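# Fold and geometry: a report
Listed below, chain by chain, are the residues.
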Amino acid sequence: MTRITFAAGQARLSDWRAIRDGAALELAPGWRTDVAAGLATLERALASGAALYGVNTGFGKLASTRIAAGDLAKLQLNLLRSHAAGTGPNLPRPVVRLILALKAASLARGASGARPEIVETLLALLEADMLPDVPAQGSVGASGDLAPLAHLSLVLVGEGSASDAQHVTHGGATALAAIGRAPLVLGPKEGLALLNGTQVSTAIALDAYFRANDLLRAGLLTGAMSVDAARGSDTPFDPRIHALRGQPGQARVAEALRQLLAGSAIRDSHRDNDIRVQDPYCLRCQPQVIGACLDLIEQAGVTLGREANAVTDNPLLVEGGELLSGGNFHAEPVAFAADTLALALAEIGAIAERRIALLTDPVLSGLPAFLVQGGGLNSGFMIAQVTAAALAAENRAMATPRSVDSLPTSANQEDHVSMATNAALRLTPMAENVEGILAIEYLAAAQGIGFHRPLTSSAPIEAAVARLRDVVAPWDEDRLMAPDIAAARALLRDVQVPLA
């Protein structure tokens, strides 16, 4: 098993990606010292007799209710049980892996008042791939991702449920026993430290960020293929054009497209004496559109990278030995990042769908109608383009910002919320839709390039066509399209397109 090591608060985005994909996490030495210092601060605060939110008081609107010393452990356990009010399908296993790692790393910074045993148990679950069952719905992205984190945390006390690597579900106590752990009895503030925080919304958004990066690169390949299939021009990718604008993503995308098309005999065949002056925007403006998407995705990555390393529960044990109440659990940065990713995903798919429409239109592409000979008897890619349009329309609707919405909760104590988890949850179906659109473009562009034989495209594009033709035959007459789309989707997940 791959093992990732970093100091709490200093992880890279690549570390989180590796953990999502199956790596174990080992925190760098020294975190127990920080945890011990935080616990000492908490003990002093308790001994002072002061009212400490969520430690010896109730929660939310009940914060003014003091809790007797003998009931503090019960308070934390009741918190987990009462807040496990999630619903809907369980979050995907890669996302739960991220949540476990994010929560462990956050608690290990020592500002939350959790004992080392809490961190160790979270890491043990992650390493064993014994993942708590976490319903996806139930968080509004403020006061932390309370409901989903409660479901995750119940396993630590031997309640709730978890599923092993074979997807067999176990009760919490059985799951712990299977990894050599016993149920924990929560100390003061540990329930609150586990439930407060933005780890769920951040994990979902991080997963989407990684997918958006991959899809953007896959879209560069299929977009370059469409340029050659439509006998388009590479002039719009000239670096001098993009230097005059100065947008970094735009210049990087143009360079990637130039590299993908370099050496194409199809391009050379119509470099001179082509009666067309300019290509449609879906070909010509790829650097401007996809470059803007790249900039948005990377900015979202910066925000999510910070959030992944953050401490976002409340109250916090801070330098100077104080316990301070604040609002780090408010996930507005995550909500904005998720909305940004939604815009980028929608546009990657939208411009790809327009390229598919161009390729299937003989007036625009100069190719056979719907990319098949014998049109009429054969419908070719007619309905594949309709499917791409349907997916693009779904994404357009889902791209509406979620961060501008807010419903007050907890009897108006929590009167403005981020909706970050809602914002992040819609990114997975959006990414699936983009993948479907790009798979259809992959098939359509390869089909179009085939009509230009014996002329060849560039080396990287010919390699992509060859990979596709290993599993999908050219479309000579109508057959089932869905299996071809599924095969193309699988191939696109392994696309590697370098971006300078």
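Throughout what follows, the structure given in this document is the object of discussion. (Residues numbered from 1 in each chain as written. Predicted model: local features only at pLDDT ≥ 70, side-chain atom pairs only at ≥ 80, totals over all residues. Heavy atoms only, no water.)

### Section: the overall build of the protein chain
- Along the backbone of the protein chain there are 21 helices and nine strands.
- When the backbone C-alpha atoms are referred to their principal axes, the protein chain occupies close to 85 × 50 × 45 Å.
- Scored against the burial criterion, the 500 residues of the protein chain give a buried share of 55%.
- In the protein chain, 77% of the contacts between residues at least 6 apart in sequence involve partners at least 24 apart.
- In the form shown here, the protein chain has an accessible surface area of approximately 20,000 Å², with 56% of it arising from carbon and sulfur atoms.
- Taken together, the 40 basic and 50 acidic charged side chains of the protein chain have centroids lying 1 Å from each other. (Helix = DSSP H or I, 4+ residues; strand = E, 2+ residues; numbered from the N terminus. Buried < 20%, exposed > 50% of the residue type's maximum accessible area, 1.4 Å probe, protein only. Contact = heavy atoms within 4.5 Å. Areas by Shrake-Rupley, 256 points an atom, 1.4 Å probe, with all protein chains shown as cover. Lys, Arg positive; Asp, Glu negative; His and termini not counted. Charge placed at Lys NZ, Arg CZ, Asp CG, Glu CD.)

### What about the environment of A45?
- When you line up the elements, A45 lands in helix α2 (residues 31-47).
- Residue class for A45 comes out buried when judged on its relative accessible area of 15%.
- Taking the C-alpha atoms as reference, A45 lies 7.8 Å from E322; in sequence the two are 277 residues apart.

### A closer look at the pattern of salt bridges
- Considering all chains together, one arrives at 30 salt bridges under this definition.
- With a closest N to O distance of 3.2 Å, R93 and D129 form a salt bridge. One end of the pair, R93, is in helix α4 (residues 93-107); the other, D129, is in the loop between α5 (116-128) and β4 (131-132), and 36 residues separate them in sequence.
- R354 is the salt-bridge partner of E353, the closest N and O atoms lying 2.8 Å from each other. (Salt bridge = Lys/Arg side-chain N within 4 Å of Asp/Glu carboxyl O.)

### With respect to unusual backbone geometry
- Of the consecutive residues N314 and P315, the connecting peptide bond is found in the cis state with omega at -10°.
- Of note in the backbone geometry, S143 takes a positive phi value of approximately 60° without being a glycine.
- Residue position: S143 is located in the loop between β5 (135-137) and α6 (146-154).
- Although it is not a glycine, K189 adopts a positive phi angle of roughly 75°.
- Position of K189 among the secondary structure elements: in the loop between α7 (172-178) and α8 (190-195).
- Judged by its relative accessible area of 0%, K189 is buried.

### Here we look at the sheet that holds strand β7 (residues 169-171)
- Here three strands make up an open sheet; going across it, the order is β4-β6-β7 and the pairing antiparallel. Bordering the open sheet on either side are β4 and β7, each of which pairs with just one other strand. (Pairing = 2+ DSSP bridges.)

### Topic: the nonpolar core
- Judged by nonpolar contacts, the single largest core of 150 residues is most densely connected at W16, L220 and M225.
- The residues contacting W16, other than those within four sequence positions of it, are F6, A11, L98, A101, L102, A105, L206, F210, A308 and N309.
- Membership of the second largest hydrophobic core comes to six residues, among which are A45, L52, V55 and L323. (Core = buried A, V, L, I, M, F, W, Y, C linked by side-chain atoms within 4.5 Å.)

### With respect to a nonpolar patch on the surface
- Among the surface-exposed residues, M382, I383 and V386 lie close enough to one another that they form a single nonpolar patch of about 240 Å² accessible area.
- The residue M382 is located in helix α17 (residues 382-398) in this model. (Patch = residues over 30% accessible without salt bridge, like charges linked within 9 Å, V, L, I, M, F, W, Y side chains within 5 Å.)

### A look at α5
- For α5, with 13 residues, the first-to-last C-alpha span of 18 Å sits near the 18 Å given by 1.5 Å per residue.
- Every buried residue belonging to α5 is among P116, I118, V119, T121, L122, L123, A124, L125 and L126, and all of these are buried.
- At the exit of α5 stands D129, carrying a positive phi of roughly 60°. (Expected span 1.5 Å × (residues − 1).)

### Side note on the side chain of E435
- Mapped onto the fold, E435 is located in helix α19 (residues 427-450).
- With a relative accessible area of 4%, E435 lands in the buried category.
- Within the structure, the side chain of E435 is placed 2.8 Å from the side chain of R493, a separation counted as a polar contact.
- Excluding residues that lie within four positions of it along the chain, E435 makes contacts with R211, L215, R489, L492 and R493. (Polar contact = N/O pair within 3.5 Å; in protein donor to acceptor, adjacent residues only side chain to side chain.)

### Here's the deal with the side chain of D15
- Positionally, D15 belongs in helix α1 (residues 13-20).
- Relative accessible area serves as the criterion here: at 5%, D15 is assigned to the buried category.
- Contact partners of D15, with chain neighbours within four places excluded, come to I4 and F6.

### Some thoughts on α6
- Counting buried positions along α6 gives nine out of nine residues, so the element sits mostly inside the fold.
- Inspection of α6 places L146, A147, P148, L149, A150, H151, L152, S153 and L154 among the buried residues, and these make up the whole buried set.

### Notes on the packing of helix α9 (residues 199-229) against helix α15 (residues 332-360)
- Put simply, α9 and α15 touch, their axes get as near as 10 Å, and they point 20° apart. Taken together, α9 and α15 sit at an angle that is classed as roughly parallel. Between α9 and α15 lies a crossing of left-handed hand.
- For the contact of α9 with α15, the residue count by class is twelve nonpolar, six polar and one charged. (Axes fitted to C-alpha atoms, helices over the stretch in contact; angles between N-to-C directions. Parallel < 35°, antiparallel > 145°, perpendicular 65-115°, else oblique. Left-handed = near helix turned anticlockwise from the far one by under 90°. Nonpolar A, V, L, I, M, F, W, Y, C, P; charged D, E, K, R; others polar.)

### Thoughts on the environment of A177
- Position of A177 among the secondary structure elements: in helix α7.
- A177 gets classed as exposed once you look at its relative accessible area, which sits at 53%.
- Distance in space between the C-alpha atoms of A177 and C293 is 46 Å, their sequence separation being 116 residues.

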